Structure formats: C-alpha cells, structure tokens
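# Close look at the chain arrangement
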Amino acid sequence: MLYQRRKTFLKQILAAPHRGNIRDVMIVALPMLLSMSFDTIMTFADRLFLAKIDPELMNAALAGGSAQVMIMTFFNGMIAYSTAQVAQNFGAKRFKNCSKSCTQATILALICTPLVLLVKPFVYWMFSLSEVSPVQLEAQTAYFDTLLYGAIIILFRQVLVSFFSGIGKTKVIMVAAFVGLIVNVGLNYVLIFGVGPFPACGILGAAYGTIIGNFSTLLILFIQYCRKHTREIFGFSFSFHKGLFFELLRRGSASGTEMFLSMFAFQSLILLFHGMGPSVATAATVMFNWDMVAYVPLLGLEIAATSLVGRYVGAKDAAAVRRSVRSSLWIGFFYSLLVAIIFIGFPGVLTDIFRPENDVAGLFERSKPLAETMLRIAFAYVLVEVGLVVFAGSLRGAGDTFWVMVAMVILNWLTVLALWLCGYVFDLGPVASWVSVVVSFFLFPIVLFYRWRSGSWRRLMSLGPQA
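Everything numeric in this text was worked out from a predicted model, so none of it was measured.

This paragraph deals with the overall build of the protein. What the protein contains, in helices and strands, is 20 helices and zero strands. Over its C-alpha trace the protein gives a radius of gyration of 22 Å, about what one expects of a compact globule, namely 23 Å for 467 residues. Taken along its principal axes, the extent of the C-alpha atoms in the protein is 65 × 50 × 40 Å. Considering only residue pairs separated by 6 or more positions, the protein has 84% of its internal contacts joining residues 24 or more positions apart. Split by element, the accessible area of the protein, about 18500 Å² in all, is 70% carbon and sulfur. Charge-centre separation for the protein: the mean point of 36 positive side chains lies 22 Å from the mean point of 22 negative side chains.

Structural data, given as structure tokens:
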C-alpha cells in the first residue's frame, strides 16, 4: 500500500505526456501564484490599516518593510537556489538527495541568521541619507528593527518553500501561506488599532502581526515536511553533505547577490521618490503598493519556471524545458494583461482605497492626481515584468545564476541612474522620472531573452548544443 502511494505520486509528477505544457505549469504555478498573493495581501493590509491613521505611517511601512526585504534577499536568495537543486535531483530521480539539499539549506539558514543582524547599521546609514520627515524616519526605523528580529523565521520558511517547490508540491505552500494570511491580517487589525484588552501599537503592531503570521506559515510547512508520506519518499537527512552544500553556497551566492543588489536598487528608487517631498512620497507609495500586488504573484510564476526547468534539465528533456518556458510566458501574459486593464481603467478607485479617515493636512488629496497618473503609466511596466520573471527563473533553474546576477544588477542600477538623472539632475518632475523607470525596464526581458536564446544554459547543464 505504501509502495503504491509512492509510485502513484511519482508517476503523477513525472508523467511525460504533459511535460512543460500549460497544464503542467499551472499545476505548479497556480498554488504559487495564490501563495505569493497571500503574502502580498499580508503586506498590503499592514499599509492599508496604517494609511487610515496617517499617510506618513504608510510611507514608513513601505520604506522600512522594503529595507527589511532588501537585507533578507541575499540570504533568502542563497537558500532559494535549493529549489533548482531539489528540482534537478527530483527530475533525475535522486529522491534522497532532495531531503539532503533541504538539510544543507537549513544549515545555511542557521549560519545566516546572526549575519542578518550585523547589516543593520548599513540600513541606518541609508535611512540617514534620505530626505524624509522626522516622523516617517522614526516610524520606519522602528518598523524595520522589529521585523528584522523575525529573520530566522523567514529563512527557515524559505528552506521549506524551496523544498516543496522543487518537488512540485506547491499546494502545501499555498495552504500554509493562507493560514499565515488569516493570522496576520487578524492580528494586524487588533494590534494596530487596539481591540479589547490589546493596546493600539500602531506601526509596531503591524510588525508583530507580520512576524506571528510568518511563524504560522512555517509551522504548517514543518508539519507537512515531517509527515510519514514525505519521509517514505525522500527520507530524512540530518548530516552535512559537502558536495551539495558547496554547490548551494556557490550558485546560491550568485542568486542571493543578484537579489540583494536588485532589491537595494529598488530601495533606492523608493528613497529617491520619497526625497521629492511628502506628496510625491505618498503618491509613489500608493503606486508601489499596487505594483507589489501585481508583481509578487508573478514571482510565483518565476518559482514555477525555476522548478520545472530545473526538473526537466535534471531529466535531460530539453523539449519539455522549452515548452515550460513558452507555457509560462502565455500564462504570465494573460495575467498581466488583466492587471494592465485595471491600472488603466480604475486608477481613481485604486488610489481612494488608501484615503485616510481624516486628511486634515490635505496630504492625500494633493498626492491623488499624481498617484493616478503613475498607476496609468505602470500598465506598461506590468506587461514587461512577465518576460523578466519567466526568463530569469528559467535561467536560474538551468543553473545559469552568475550571468543572471550580472545582467539583473546592471539593469536595475541603470534604472536607478535614469530616475536620479531625471528627478534630481535635470529636475524633470516625478511623472517624467517614473516614465524613465518604466522605459528602462523594457531592457530586462530583451537582454534575458537573448541569453536564453543563445543556448549557453544548455552547455552549463551538459545538455549539448542541439538540445
């Protein structure tokens, strides 16, 4: 009976007739899209609740939260490469190596945890350079500090997310993320505004709710990992494996460096917009909040592309690799087209959701026209992001992490340069500055597509030039 369950599970995952088609991608991608959406709603709820108190608290949550994500991206990025590592071993039917990879990622997470806290002074220095109001600066620093103490939860969560993504069991991730969402949103409301015996903690309440929500997600994932069914297929490994660990460290470092420097660039974009004054800061925060809602689910598609490409590279099925990429592009295109229609057609509705209860200083009203304009322009940005996530995820899944790192870092910092030139050197205003950012993003899918088309990833994975 147990043998038959294992055989059925492997047959469903590795069935050849559906390799790389839209159904295959959707099986992995849809739960990841939903789970990433749940994470987005968690963050969105923080900022929405805080916006009802004061727009500057909302701005602080964006700046402080993005800084925390920036710090975590290097370490999370290293660990996240275990998705490709697990997927390649799974595709090659080396099932015991999947749990061994998970163990190496856990060891790496333990090593990284104290290092995360050592980077705090760097963020304080960044905050000191930004020209934000003292109220926002104090709030975003407190929010950042509190979130960072939950680093170990985030790292361990990434370990298990990478394992389940690599073996294609993304429904587990979706359910865990949904539990975290419910816990987070409920606690945020209670702790931000103060309900019953709980005092109103404001922006610190938002941070506490986020940490507890992440812990709830981690707990669900850990319970699933410890299930007998999982142990029967993949075994349990508690030992250090030199080959897998140093492969994870080498290739994961490239992925982590790319994510950190890219997120550093994004944080710089936020600080540059916030330095243009409170009205521009509020408008940019509204726009970036909705951009996050649109973009983060696409990261689920990126993880699916990494998982499937890694799996079929491990199985040496180049035709399925190519089909996976094409199917991911079609799914992403239809999703982003829907988002673009909403951005163009309903910018006023999207902006008004963040209207505070009492806009005494008139800050929100002054920023609203600019926020609507930025949202309309963002439609092109959303369409471009599809090519970015699919080709970047596919190249990572094939092991081409170093090239992706170099390309993404250069392109992201060219975007920051474009914003700085338009907004600060030539003083063209916030609208022209945002247009320069959107136009710069058109380079991303073009560069990544030509790398994919060149076939270098095939030689890296020993598939041969004709694969």
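Let's shift gears to the nonpolar core. Formed by 120 residues in total, the largest nonpolar core has its most connected members in Phe163, Phe343, Phe354 and Trp434. When residues no more than four places from it in sequence are discounted, the contact partners of Phe163 are Val86, Cys98, Ser99, Cys102, Tyr225, Thr230 and Phe234. Of all hydrophobic cores here, the second largest spans 13 residues; its members include Leu57, Tyr143, Leu147 and Ala206.

Inspection of every chain in the model, using the stated rule, returns 34 aromatic pairs. A centroid spacing of 5.7 Å and a plane angle of 65° characterise the contact between Phe49 and Phe193, whose relative ring orientation is edge-to-face. Taken as a pair, Phe49 in helix 2 (residues 22–53) and Phe193 in helix 9 (residues 170–193) lie far apart in primary sequence, 144 residues in all. One aromatic cluster is present, formed by Phe266, Phe273, Phe288, Tyr381, Trp434, Phe441 and Phe444 through successive ring pairs.

The next point concerns unusual backbone geometry. Even without being a glycine, Asp427 presents a positive backbone phi close to 50°. Looking at where Asp427 falls in the secondary structure, it is placed in the loop between helix 17 (401–425) and helix 18 (430–441). Judged by its relative accessible area of 62%, Asp427 falls in the exposed class.

Okay, the side chain of Ser268 next. Tracing the sequence through the fold places Ser268 in helix 12 (residues 242–274). Note on Ser268: relative accessible area 12%, which makes it buried.

On to the packing of helix 4 (residues 82–91) against helix 13 (residues 278–314). In the contact formed by helix 4 and helix 13, the axes pass within 7 Å of each other and the chain directions differ by 40°. In terms of their interaxial angle, helix 4 and helix 13 are classed as oblique. The two elements helix 4 and helix 13 cross, and the hand of that crossing is right-handed. Of the residues in helix 13, those in contact with Thr83, Ala84, Ala87, Gln88, Phe90 and Gly91 of helix 4 are Thr306, Ser307, Gly310, Arg311 and Gly314.

Along the polypeptide, Leu350 turns up in helix 15 (residues 347–352). Expressed as a C-alpha distance, the spacing of Leu350 and Leu110, which sit 240 residues apart in the sequence, is 41 Å. For Leu350, the residues in contact, after removing those within four places along its chain, are Trp290, Ile342, Phe343 and Leu375.

Further remarks concern the pattern of salt bridges. Overall, the coordinates contain eight salt bridges when judged by the stated rule. As a salt-bridge pair, Asp400 and Arg451 come within 2.8 Å of each other at their nearest N and O atoms. Taken together, the positions of Asp400 in the loop between helix 16 (363–397) and helix 17 and Arg451 in helix 19 (residues 443–454) put the pair 51 residues apart, joining distant regions of the chain. When salt bridges with common partners are traced through the structure, they connect Asp352, Arg355, Glu365, Lys368 and Glu372 into a single cluster.

Parameters at a glance
- Residues numbered from 1 in each chain as written.
- Predicted model: local features only at pLDDT ≥ 70, side-chain atom pairs only at ≥ 80, totals over all residues.
- Heavy atoms only, no water.
- Helix = DSSP H or I, 4+ residues; strand = E, 2+ residues; numbered from the N terminus.
- Rg over C-alpha atoms; globule rule 2.2 N^0.38 Å.
- Contact = heavy atoms within 4.5 Å.
- Areas by Shrake-Rupley, 256 points an atom, 1.4 Å probe, with all protein chains shown as cover.
- Lys, Arg positive; Asp, Glu negative; His and termini not counted.
- Charge placed at Lys NZ, Arg CZ, Asp CG, Glu CD.
- Core = buried A, V, L, I, M, F, W, Y, C linked by side-chain atoms within 4.5 Å.
- Buried < 20%, exposed > 50% of the residue type's maximum accessible area, 1.4 Å probe, protein only.
- Phe/Tyr/Trp six-rings, centres within 6.5 Å; stacked < 30°, edge-to-face > 60°.
- Axes fitted to C-alpha atoms, helices over the stretch in contact; angles between N-to-C directions.
- Parallel < 35°, antiparallel > 145°, perpendicular 65-115°, else oblique.
- Left-handed = near helix turned anticlockwise from the far one by under 90°.
- Salt bridge = Lys/Arg side-chain N within 4 Å of Asp/Glu carboxyl O.

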